[in-house]
There are 2 protein chains.
Amino acid sequence: MTDFLFGPKQLLRLWLAAGSGLLLAACAAPPSDVISLKDMGSFFVGGREVTISGKPVKEMLLTPGGAPTKIDPNGVYQVEQAYVQYFIPARQRGKLPLLMWHGGGLSGVEYETTPDGRDGWLNIFLKRGWAVYNADAVERGRAGWAMYPDIFRSEPVFVTKNNPFERFRIGAGPGSYNKDMSQARALPGNQFPLEGYDNFTKQLVPRWTTTDEAILAAYIALVDKVCPCVVLAHSQAGQFAYRAAQARPDKVKALVLVEPSAQGDPQQAAILRNTPLVSIYGDYIEQDARWPVIKANNLKFYEVLRAAGGQPEVINLPQRGIRGNGHMMMMDRNNQEVAEVINQWLTAKGFYQ
Amino acid sequence: MTDFLFGPKQLLRLWLAAGSGLLLAACAAPPSDVISLKDMGSFFVGGREVTISGKPVKEMLLTPGGAPTKIDPNGVYQVEQAYVQYFIPARQRGKLPLLMWHGGGLSGVEYETTPDGRDGWLNIFLKRGWAVYNADAVERGRAGWAMYPDIFRSEPVFVTKNNPFERFRIGAGPGSYNKDMSQARALPGNQFPLEGYDNFTKQLVPRWTTTDEAILAAYIALVDKVCPCVVLAHSQAGQFAYRAAQARPDKVKALVLVEPSAQGDPQQAAILRNTPLVSIYGDYIEQDARWPVIKANNLKFYEVLRAAGGQPEVINLPQRGIRGNGHMMMMDRNNQEVAEVINQWLTAKGFYQ
């Protein structure tokens, strides 16, 4: 009984002190801003082969000083795949993977670092413990694109630098853009980081208007590969999210629609009656020329959904006192606050713990 | 003395057991394959504005059921930026950031997950403690591209599915490709993961042959932003790496050139005389129709460099007993082994600890 210098009480204190000391010293929790990943990587989904014939062979010098190489444009092309980058946190709190689908004329970059250098929703949701799959849709970004009019049936659309400013409820409509942001007419109280607007225009990519079915097919292939899941879709991707959920109701377990610009098939609305879904709207909708129509189309689809037994929800951020958000809310100054609204909704639906 | 059920010896055992148990349970060292990041994100560099005028305004329906929107093609476009994604490990062992520049007709995807699902060089170097900046060059992938012939002066080049197989020393030259890989004539002992070849073709992107100066300008902007650094460049990017190093010799501290397809300015070779640089070559060069020329051009540039006082190095992998590598060695089955060769070279030059 005298093997030790301390009695049981002292030993208990020592145990507690040493135990917590060891914990603090040997394995202090990493600072909260460290991202610990079990895995990260990328893959492609979907796509098809197309054969082109009857075109002349070209001899090209691909790099100056290099060896000339024959490029035969005839043959089989791989087209219409989507690109997906994924990040799996070491400690997952989201019960399902969170798929992020970007808006038109953009790529998965919209969810990455904001144009003024803050965390985008990719990092924000990842740090909260969601496994995030961030896609570039068919013909956007790293997904590549196919020759036109041979494969894609129309010409691509390019937008000028003023276009998103005036169309995405950052500025006060047509004519409000000015490269000198101090001279631009931003909507009052707008949360877009105006000092990053010029930088934001660098992430615009050409887009087609005749590729919807190809985009949807690749997204369904993605759902088949990684779901059950939650799909978070922005703008143009709203229709793909609705339609992918209608095609795979057993796999798309919830939809978060950020100002969706189009909807699913109303004839098949009943398929979504048990799918929790919410549409998120920012500020300045009523005063805009186009957004009341876009929103009304979605609410019309909601009526059909409700008649079929569904319970679609709407979150109007201004009604919760969150003001100043335009169409690019994932990169607004208060993007953390908007992400929190989404995370709370997902928590309430049982997808986050 | 009877406050406890255990005596001091038992308490000591309990303390040891509980202490180590706690350590194991609450804070076991993360498995070696966990990636701990201090930061990750993306940004754009470079680019310029171009004004287009004299074209008719179009009214377009961007999504079915959406509101029609006027697209005025006249105006100011943002063009010729590069996209960069970065990953900063929590514990850095590379003394400088490692910039990865991809080859022609590809994007930064070439360094990500291999087409058969293994870690690519991005993950491999990151796990070794390098801060990695992985770029999409101007007009590739997420960098977007500009309208032609208005802004880019030529048409884009698309390659067929057989092209890389026959041109990148995976298969035995023209005619060796077959979609059924068991029927394709791969080079004997080739390390390319043939089961992933079809998947690999999904990462091919269109490319132009008239954008070299724009690509270089954006890469120099990248160097100005994040260097001093080491640049690892593949194929087409060889010339950009040499030329960026010639433009910024104080910032590009070392060059790793993976089968570079073109070089820098021989008139300015002396600028690189103090820059450690190495070119890495795989297998099957001599038997190929094009690669002896491409390699000879690089060795010719080396002669000029040596005459100017430089000490450029060559690593021929087969001479080190590493066989079977084609042009896409960053995704070959032995890509870890090739990465280790590069890491050892960088260690020997003092850039890794």
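Just above sits the structure.
Every value quoted in this text rests on a predicted model; they were computed, and no experiment measured them.

(A) Looking closely at the state of the cysteines. Residues and elements named next belong to chain A. Counting across every chain of the model gives two disulfides over all chains. Each sulfur in the disulfide pair Cys-227 and Cys-229 lies 2.2 Å from the other. Measuring handedness by torsion sign, the sulfur bridge of Cys-227 and Cys-229 sits at about 70 degrees and is right-handed.

(B) Up close: empty space enclosed by the protein. This structure, assessed with the given rule, holds six cavities of 30 Å³ or more. Taken as a whole, the largest cavity encloses approximately 270 Å³ of empty space. Lining the largest cavity are 23 residues, and of these A:Arg167, A:Phe168, A:Arg207, A:Ser235 and B:Leu62 sit closest to its centre. Within the residue set of the lining of the largest cavity, elements represented by two or more residues are α3 (162-167) and α7 (291-307) of chain A.

(C) Representation of the nonpolar core within the structure. Grouped together as the largest cluster of nonpolar side chains are 96 residues, with contacts concentrated most on A:Trp121, A:Phe125, B:Trp121 and B:Phe125. Those residues in contact with A:Trp121 that sit more than four places away from it in its chain are A:Met100, A:Tyr111, A:Leu126, A:Leu232, A:Val258, A:Met329, A:Met330, A:Asn335, A:Val338, A:Ala339 and A:Ile342.

(D) Broad picture of helix α8 (residues 335-348) of chain B. Residue and element names in this part refer to chain B. With 14 residues, α8 should cover 20 Å at 1.5 Å per step; its first-to-last C-alpha distance of 20 Å lies within 8% of that length. Structurally, α8 contributes buried residues whose contacts are with α2 (121-127), β7 (229-234), β8 (252-258), β9 (277-281) and β10 (313-316). The positive-phi residue at the C-terminal boundary of α8 is Gly-350, with phi of around 90 degrees.

(E) Up close: helix α8 (residues 335-348) of chain A. Inspection of α8(A) places A:Asn335, A:Val338, A:Ala339, A:Val341, A:Ile342, A:Asn343, A:Trp345 and A:Leu346 among the buried residues, and these make up the whole buried set. Lining the buried residues of α8(A) we find α2 (121-127), β7 (229-234), β8 (252-258), β9 (277-281) and β10 (313-316) of chain A.

(F) Layout of the interface of chain B and chain A. Between chain B and chain A, the contact holds 100 residues from the first and 101 residues from the second. The contact between chain B and chain A buries some 7900 Å² in all, and 61% of this surface belongs to carbon and sulfur atoms. Interface area lost by chain B to chain A is led by B:Arg142, B:Trp145 and B:Lys202, which between them contribute 11%. The tally of links from chain B across to chain A stands at eight salt bridges.

(G) Local environment of the packing of helix α5 (residues 212-226) of chain B against helix α6 (residues 237-247) of chain B. All names here are of chain B. Look at α5 against α6: their axes get within 9 Å of each other, and the N-to-C directions meet at 55 degrees. As the angle between them shows, α5 and α6 are arranged oblique. The two elements α5 and α6 meet at a crossing, and its hand is right-handed. The residues of α6 that touch α5, namely those facing Asp-212, Glu-213, Ile-215, Leu-216, Tyr-219, Ile-220 and Val-223, are Gln-239, Phe-240, Arg-243, Ala-244 and Ala-247. Residue composition of the contact of α5 with α6, grouped by class: eight nonpolar, one polar and three charged.

The rules behind these values
Residues numbered from 1 in each chain as written. Chains lettered and ligands numbered in written order. Predicted model: local features only at pLDDT ≥ 70, side-chain atom pairs only at ≥ 80, totals over all residues. Heavy atoms only, no water. Disulfide = S-S within 2.5 Å. 1 Å grid on protein atoms, 1.4 Å probe; cavity = no way out; pocket = protein on both sides within 12 Å on 5 of 7 lines; lining within 4 Å. Points joined across faces, edges and corners; volume = space filled by probe spheres on them. Helix = DSSP H or I, 4+ residues; strand = E, 2+ residues; numbered from the N terminus. Core = buried A, V, L, I, M, F, W, Y, C linked by side-chain atoms within 4.5 Å. Buried < 20%, exposed > 50% of the residue type's maximum accessible area, 1.4 Å probe, protein only. Contact = heavy atoms within 4.5 Å. Expected span 1.5 Å × (residues − 1). Buried area = accessible area lost by both parts, 1.4 Å probe. Salt bridge = Lys/Arg side-chain N within 4 Å of Asp/Glu carboxyl O. Axes fitted to C-alpha atoms, helices over the stretch in contact; angles between N-to-C directions. Parallel < 35°, antiparallel > 145°, perpendicular 65-115°, else oblique. Left-handed = near helix turned anticlockwise from the far one by under 90°. Nonpolar A, V, L, I, M, F, W, Y, C, P; charged D, E, K, R; others polar.

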